[in-house]
Amino acid sequence: MSTSALNARRRAAEWTELSRTQETVDVVIIGGGITGVGLALDAITRGLSTVLVEKHDLAFGTSRWSSKLAHGGLRYLAKMELGIAHHSAVERGILMERTAPHLIRALPQVMALGADTTVKQKVATRMGFLAGDALRITAGTSASTLPRSRFAAKEETLRLCPAVSRKGLKGSWVNYDGQMVDDARVVTALARTAASEGARILTYCEATSASGQEVKLRDTLTGAETIVRARAVISATGVWAGGLDSEITVRPARGTHLVFDAELFGNPTGALTVPLPGSISRYLFILPAPHGRCYLGLTDEDAPGEIPDVPPTPEEDVEFLLKHINRALEKKLTRADVLGTFTGLRPLLDNGEGGSTADLSRRHAIVTSENGVYSVVGGKFTEYRLMAEETLDRVIRERGLTARACVTRNFPLIGAPGHRDYSHIALRDLHGLPAAMMRRFGNEAPQVFAAATVENPLNNVGNLDVSRAEAEYAFTHEGALTVEDVLERRTRAAMIPRDAEAAYAEVQEIHDHVMRSMR
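Calculation rules
Residues numbered from 1 in each chain as written. Predicted model: local features only at pLDDT ≥ 70, side-chain atom pairs only at ≥ 80, totals over all residues. Heavy atoms only, no water. UniProt positions renumbered as here; feature names shortened; annotations may be inferred. 1 Å grid on protein atoms, 1.4 Å probe; cavity = no way out; pocket = protein on both sides within 12 Å on 5 of 7 lines; lining within 4 Å. Points joined across faces, edges and corners; volume = space filled by probe spheres on them. Helix = DSSP H or I, 4+ residues; strand = E, 2+ residues; numbered from the N terminus. Nonpolar A, V, L, I, M, F, W, Y, C, P; charged D, E, K, R; others polar. Domains from an automatic or database assignment. pLDDT = per-residue confidence, 0-100. Contact = heavy atoms within 4.5 Å. Axes fitted to C-alpha atoms, helices over the stretch in contact; angles between N-to-C directions. Parallel < 35°, antiparallel > 145°, perpendicular 65-115°, else oblique. Left-handed = near helix turned anticlockwise from the far one by under 90°. Buried < 20%, exposed > 50% of the residue type's maximum accessible area, 1.4 Å probe, protein only. Salt bridge = Lys/Arg side-chain N within 4 Å of Asp/Glu carboxyl O.

Identification of the chain as Glycerol-3-phosphate dehydrogenase from Corynebacterium lowii is taken from an unreviewed UniProt entry. Within the UniProt record for the chain, the comment given under Catalytic activity (unreviewed entry) is "a quinone + sn-glycerol 3-phosphate = dihydroxyacetone phosphate + a quinol".

(A) Local environment of empty space enclosed by the protein. Taken as a whole and assessed by the stated rule, the structure comprises seven cavities of 30 Å³ or more. Roughly 140 Å³ of internal volume is contained in the largest cavity. For the lining of the largest cavity, the secondary-structure elements that each account for two or more residues are α11 (435-441) and α13 (468-476). Among the elements that make up the lining of the largest cavity, the one with the highest residue count is α13 (three residues). Looking at side-chain class alone, the lining of the largest cavity contains seven nonpolar, two polar and seven charged residues. Split by domain, the residues of the lining of the largest cavity number at least three in each of domain 2 (104-179 + 250-353) and domain 3 (427-518). Here the second largest cavity defines a volume of roughly 90 Å³. Along its surface, the second largest cavity is lined by Leu-6, Asn-7, Arg-10, Arg-11, Glu-14, Leu-58, Ile-201, Leu-202, Thr-203, Gly-479 and Leu-481. Elements represented by at least two residues in the lining of the second largest cavity include exactly α1 (8-21) and β7 (200-202). For the lining of the second largest cavity, the element with the highest residue contribution is α1, accounting for three residues. Each residue belonging to the lining of the second largest cavity can be placed in one class, and the counts come to five nonpolar, three polar and three charged.

(B) Focus on the confidence of the model for the chain. Chain-level statistics for the chain give a pLDDT mean of 93 and a share of 97% at 70 or above. Below a pLDDT of 50 lies the segment residues 354-361, which in the model reaches 25 contacts outside its immediate sequence neighbourhood of four places, other chains included.

(C) Just the packing of helix α2 (residues 34-45) against helix α7 (residues 183-196), in detail. Contact geometry for α2 and α7: axes closest at 8 Å, N-to-C directions at 25 degrees. As the angle between them shows, α2 and α7 are arranged roughly parallel. Taken as a pair, α2 and α7 cross one another with a handedness that is left-handed. Along its contact with α2, which presents Ile-34, Val-37, Ala-40, Leu-41 and Ile-44, the element α7 presents Val-186, Val-187, Leu-190, Ala-191, Thr-193 and Ala-194. Residue composition of the contact of α2 with α7, grouped by class: 10 nonpolar, one polar and no charged.

(D) Spatial organisation of the layout of surface pockets. What the second largest pocket holds in volume is close to 360 Å³. In this structure, the second largest pocket is lined by 18 residues; those nearest its centre are Gln-179, Pro-288, Ala-289, Pro-290 and Arg-439. Mapped by element, the contributors of at least two residues to the lining of the second largest pocket are β4 (104-112), β6 (171-180), β13 (283-289) and α11. If you tally residues by element for the lining of the second largest pocket, the top one is β4, at three residues. Along the lines of polarity and charge, the residues of the lining of the second largest pocket split into nine nonpolar, four polar and five charged.

(E) Structural context of unusual backbone geometry. For Gln-22, which is not glycine, the phi dihedral falls at a positive 55 degrees. Backbone geometry places Arg-492, a non-glycine residue, at a positive phi of 65 degrees. Inspection of the secondary structure puts Arg-492 in the loop between α14 (483-490) and α15 (497-517). On the basis of relative accessible area, Arg-492 is assigned to the buried category, the value being 3%.

(F) Focus on the packing of helix α4 (residues 82-99) against helix α5 (residues 119-139). It is at 9 Å that the axes of α4 and α5 come closest, and there the two elements cross at 60 degrees. Seen from above, α4 lies across α5 with right-handed handedness. Where α4 abuts α5, its residues Ala-85, His-86, Ala-89, Val-90 and Arg-92 lie against Leu-135, Arg-136, Thr-138 and Ala-139. Residue composition of the contact of α4 with α5, grouped by class: five nonpolar, two polar and two charged.

(G) Seen up close, the pattern of salt bridges. Counting across every chain of the model gives 35 salt bridges. Between Asp-57 and Arg-490 there is a salt bridge, with the nearest N and O atoms lying 2.7 Å from each other. Here the residue Asp-57 occupies a position in the loop between β2 (50-53) and β3 (69-70), and Arg-490 occupies one in helix α14, the gap between them amounting to 433 residues. You can call Arg-490 buried: its relative accessible area is 5%. The partner of Glu-398 in a salt bridge is Arg-394, with the nearest N and O atoms 3.2 Å apart. Here Glu-398 and its partner Arg-394 are both found in helix α9 (residues 384-399), four residues apart, which amounts to about one turn of the helix.

In structure tokens:
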């Protein structure tokens, strides 16, 4: 078994190995987001030699800009997309009960029954939540994992969401969905799990050209180039899919979130769920988040034109979110309350029929280009495992590869209680460790502390509830190569610029310490 540690030393060794041996691998995957790392884990556990390359860092693109929810597919019932709804519910259950229960937990979604919503919206939400219960049952997810929906009295509603408007408040409908501790952390855990099985994960490695038989690579840190030959090449580049296959037309949809101090909302434990005026299928959410934050989202707007590496947040999105959420709050938000923003582009397949991006299907597609490259386009974060399974099934069949059956339905990720390396961990092993660390690492938390070589490993970095040991572990085990990797994706400090500024010098010092030790 290979180690799960991803770091600069391993990356350099694997680059050198690929360059010198000129071996032909079974599968090269382009893209280090949720789809790419899901493919890597599926491929390597089927016994296929696997290389994943990413131009930037893990979870650099859309996979770090989500609402951090493992959706059960409730939204798709309203559009009569029953297949997507069922698959989403099944995949959510797999994540919460088998593969990543340490990273995804039940979140109460609270739809207040107050003056800001119509009778039609109240009834439609209740019917939707009951349909969600049916989805959970048909997906085989236990009610102990996701409780059934219910009515909550006014007093409980205010405990869950203290900031909700009291005007006409009778109580609330409460539904439960899955919430990730962080989307980028799920991506990192998948990549490390694939690496522990022998997959080679190369970040800051750009695929400058690709065909069905080979990929030309450039190390963006050194400028070195090499060619890797493969029996199959799969693109999982999301909104950038058209860059490798000009026949693919992606219609990006812009989703914006705002970041606030959780104290502004009374430190909620539930997600306030607010229908947009006149709608029974589109909602805004105030989501409790790590580091004492809350996220407000979500927009769904066309984003035509050139696709940037990091999408900017338009001021009209900020105004839209503030305007519509204030209808549901006791104390109105202002622009000055917004501490940060983040905006992602969803890679939706263009159906050529125009209309709103909110009306486009979230169904995924597997496309083969004229030069033989497979591309996985569209889909939802929660369905990454299913997308990988369906893609590899097709690739193996069409390319005549010798492989085992898919096992990812029951393959726990690094840190999960069922993972072979951590199943022996007992409660006594977790005693004394920060609760936030255990939420982020699960049963791997003792190893994070044990591996620390920095001074004062349990002291926090900057304004975050992230320990110095975790910052070091990001460099030694989680594939972070730069300070920005840690601030932007391993800790999410950069969601609030002042938090990133407060942590920068300390993370730089830890980075330098780790790099010296690897020489």
